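Residues per chain are reported as follows:
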Amino acid sequence: NRAITEMPNYELMVDSGLSLADLEADIMGREERFASSLAEKIPVAGRLIRASGRGYTAFLNKLRADVFSDIQKKAEGLGIDLDENADLAKAMAKYVNAATGRGSIGKLEPAAPILNAAFFSPRLMASRLSLLNPAFYVKLAPLVRKEALKDLLSFTGIGLAVLGLASLAGAKIGTDPRSSDFGKIKIGDTRIDVWGGFQQYARMIGQLTTGEYVSSVTGKKLTLGEGYKPLTRYDILQRQIEAKEAPVLSFVTALLKGQGFTGEKINVPKEIGSRFVPMAVKDTVDLIKDDPSLWPLAPLGYLG
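Since the structure is predicted, the reported quantities are computational estimates derived from the model, not experimental observations.

Student: Provide a residue-level description of the nonpolar core, including the pertinent values.
Tutor: Judged by nonpolar contacts, the single largest core of 25 residues is most densely connected at Leu88, Met92, Tyr95, Leu131, Phe136 and Val144. Elements with a minimum of two residues in this core: α4 (45-77), α5 (86-99), α8 (134-138) and α9 (142-168). Here the element with the most residues in this core is α5; it accounts for seven residues. In this view, Leu88 contacts Ala75, Ile80, Leu82, Ala141, Leu143 and Val144; residues no more than four positions away in its chain are not counted. Counting residues in hydrophobic clusters, the runner-up holds six residues, among them Tyr201, Met204, Leu231 and Ile236.

Below, the structure is given as structure tokens:
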């Protein structure tokens, strides 16, 4: 309660009719990655999972409050009072949420639990699409737009710097937006994606706009819609959607197609078992299996 009452603009929120109980319900809401409580019921491990979920949620709540407060101080420095400018406060909140992976899904908000059961983090998907959309920045208030563009340039600059340093160290860098390796660091058969969920959409846009697809394995270029059983723009979009499916839905999709996401023949026991293994653990096993000398890179998977 004390943490909530000391949050920025608490009095403003209460004056608008929001009770302390409402604030508690909101601040204690689950993040998408911990939307289900089933794993918390596992003996022993469940306590650790619950603690991890609370820590994750608490960190993001604190981060969002701090970023909001930082922009608020800049507004106050310009003589802007948020108590008298509710639209600016909403624009700030909209940007802070999008920048921290909690984008708005608009009229689909009531269906958020269902969407989260079908896809991996629909609000995260919404935030990434929003931040890649120029119209999102145009519609922001000037003060917020300035902060958003500053963050965008910083993020892009740091990402490019990491790729540049990796290239100098001898790694290969994917530079073709038509390939799934676009923007990734390649060390042998291992790929490292430093873009936090943006790369897949940038690659998809590159393929859809050019009408071409470049295989990351053979380097062969395909023109979408041409040839025998051609790959089309519809197929590109379908693959993007399938890649975002949650474990249960992706299993159903694999059963209906008779093959996995990468095209291999489906092995039902293996498919079921893989959905109970954390992705970071699976990535670590694959990394060591492909090249044991790269094991120092394993922690990157646990850090996202």
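Student: Break down the packing of aromatic side chains for me, with residues and values.
Tutor: Summed over all chains, the structure comprises three aromatic pairs. Aromatic pair Phe136 and Tyr137: ring centres 5.5 Å apart, planes at 90 degrees, arrangement edge-to-face. A residue is classified by how much of its surface remains accessible, and Tyr137, at 8% relative accessible area, is buried. Judged by centre distance (5.7 Å) and plane angle (75 degrees), the rings of Phe155 and Trp195 are edge-to-face. With Phe155 in helix α9 and Trp195 in the loop between β3 (190-193) and α10 (199-210), the pair connects residues that are 40 residues apart, well separated along the chain. Here Phe155 falls in the partly exposed class, since its relative accessible area comes to 34%. Given a relative accessible area of 11%, Trp195 falls into the buried group. Cluster of aromatic residues (ring-pair linked, three or more members): Phe155, Trp195 and Phe198.

Student: Break down the pairing of strand β2 (residues 184-187) for me, with residues and values.
Tutor: As paired elements, strand β1 (residues 172-173) and β2 share two bridges and run antiparallel to each other. Across the sheet, Ile173 pairs through a bridge with Ile185, a residue of β2. Pairing analysis gives four bridges linking β2 to β3, with the strands arranged antiparallel. Looking at β3, one finds that Ile185 is bridged to Ile192. In textbook terms, the turn of a hairpin is the stretch between consecutive antiparallel strands, and for β2 and β3 this stretch comprises two residues, one of which, Gly188, has a positive phi near 65 degrees.

Student: Describe the pattern of salt bridges, with residues and values.
Tutor: On inspection of all chains with the given rule, the structure shows 13 salt bridges. Of the charged contacts, one joins Lys221 and Glu212 as a salt bridge, the two residues approaching to 3.6 Å between their closest N and O atoms. Here Arg275 and Glu271 are joined by a salt bridge, their closest N and O atoms 2.8 Å apart. When its relative accessible area of 25% is taken as the criterion, Arg275 is described as partly exposed. Using a relative accessible area of 13% as the deciding quantity, one classes Glu271 as buried.

Student: I'd like a description of the sheet that holds β3, backed by residues and values.
Tutor: As summarised here, the arrangement of the three strands in space is β1-β2-β3, forming an open sheet in which the pairing is antiparallel. Here the strands that pair on one side only, and so sit at the sheet edges, are β1 and β3.

Student: I'd like to hear about the side chain of Glu245, residue by residue, with values.
Tutor: Residue placement: Glu245 occurs in the loop between α11 (233-243) and α12 (247-257). The side chain of Glu245 sits in the buried core without any salt bridge; Arg275 is the nearest counter-charge, 6.9 Å away. Residue contacts for Glu245: discarding those within four places in its chain leaves Ala118, Phe119, Phe120, Ser250 and Thr253.

Student: Can you break down α12 residue by residue, with the values?
Tutor: Looking at α12, one finds that the buried residues are Ser250, Phe251, Thr253 and Ala254. Looking straight down α12, one finds that the buried residues subtend no more than 160 degrees of arc, so they occupy a single side. Of the exposed residues in α12, the ones pointing more than 90 degrees away from its buried face are Val248 and Leu256. Positive phi appears at Gly258, one or two residues downstream of α12, with a value of about 75 degrees.

Student: Talk me through a negative patch on the surface; I want residue IDs and the actual numbers.
Tutor: Residues Glu76, Asp81, Asp83 and Glu84 make up a contiguous surface patch of negative charge. Its place among the elements puts Asp81 in the loop between α4 and α5. Classification of Asp81 by relative accessible area gives partly exposed; the value is 36%.

Student: Run through unusual backbone geometry, naming residues and quoting values.
Tutor: In most cases, non-glycine residues show a negative phi, while peptide bonds are predominantly trans. Despite not being glycine, Val44 has its phi angle at roughly 65 degrees, a positive value. Position of Val44 among the secondary structure elements: in the loop between α3 (20-27) and α4. If you check the backbone angles, Lys229 has positive phi at about 45 degrees while not being a glycine. Within the fold, Lys229 resides in the loop between β5 (221-223) and α11.

About the criteria used
Residues numbered from 1 in each chain as written. Predicted model: local features only at pLDDT ≥ 70, side-chain atom pairs only at ≥ 80, totals over all residues. Heavy atoms only, no water. Core = buried A, V, L, I, M, F, W, Y, C linked by side-chain atoms within 4.5 Å. Buried < 20%, exposed > 50% of the residue type's maximum accessible area, 1.4 Å probe, protein only. Helix = DSSP H or I, 4+ residues; strand = E, 2+ residues; numbered from the N terminus. Contact = heavy atoms within 4.5 Å. Phe/Tyr/Trp six-rings, centres within 6.5 Å; stacked < 30°, edge-to-face > 60°. Pairing = 2+ DSSP bridges. Salt bridge = Lys/Arg side-chain N within 4 Å of Asp/Glu carboxyl O. Lys, Arg positive; Asp, Glu negative; His and termini not counted. Arc of directions from axis to C-beta. Patch = residues over 30% accessible without salt bridge, like charges linked within 9 Å, V, L, I, M, F, W, Y side chains within 5 Å. Areas by Shrake-Rupley, 256 points an atom, 1.4 Å probe, with all protein chains shown as cover. Charge placed at Lys NZ, Arg CZ, Asp CG, Glu CD.

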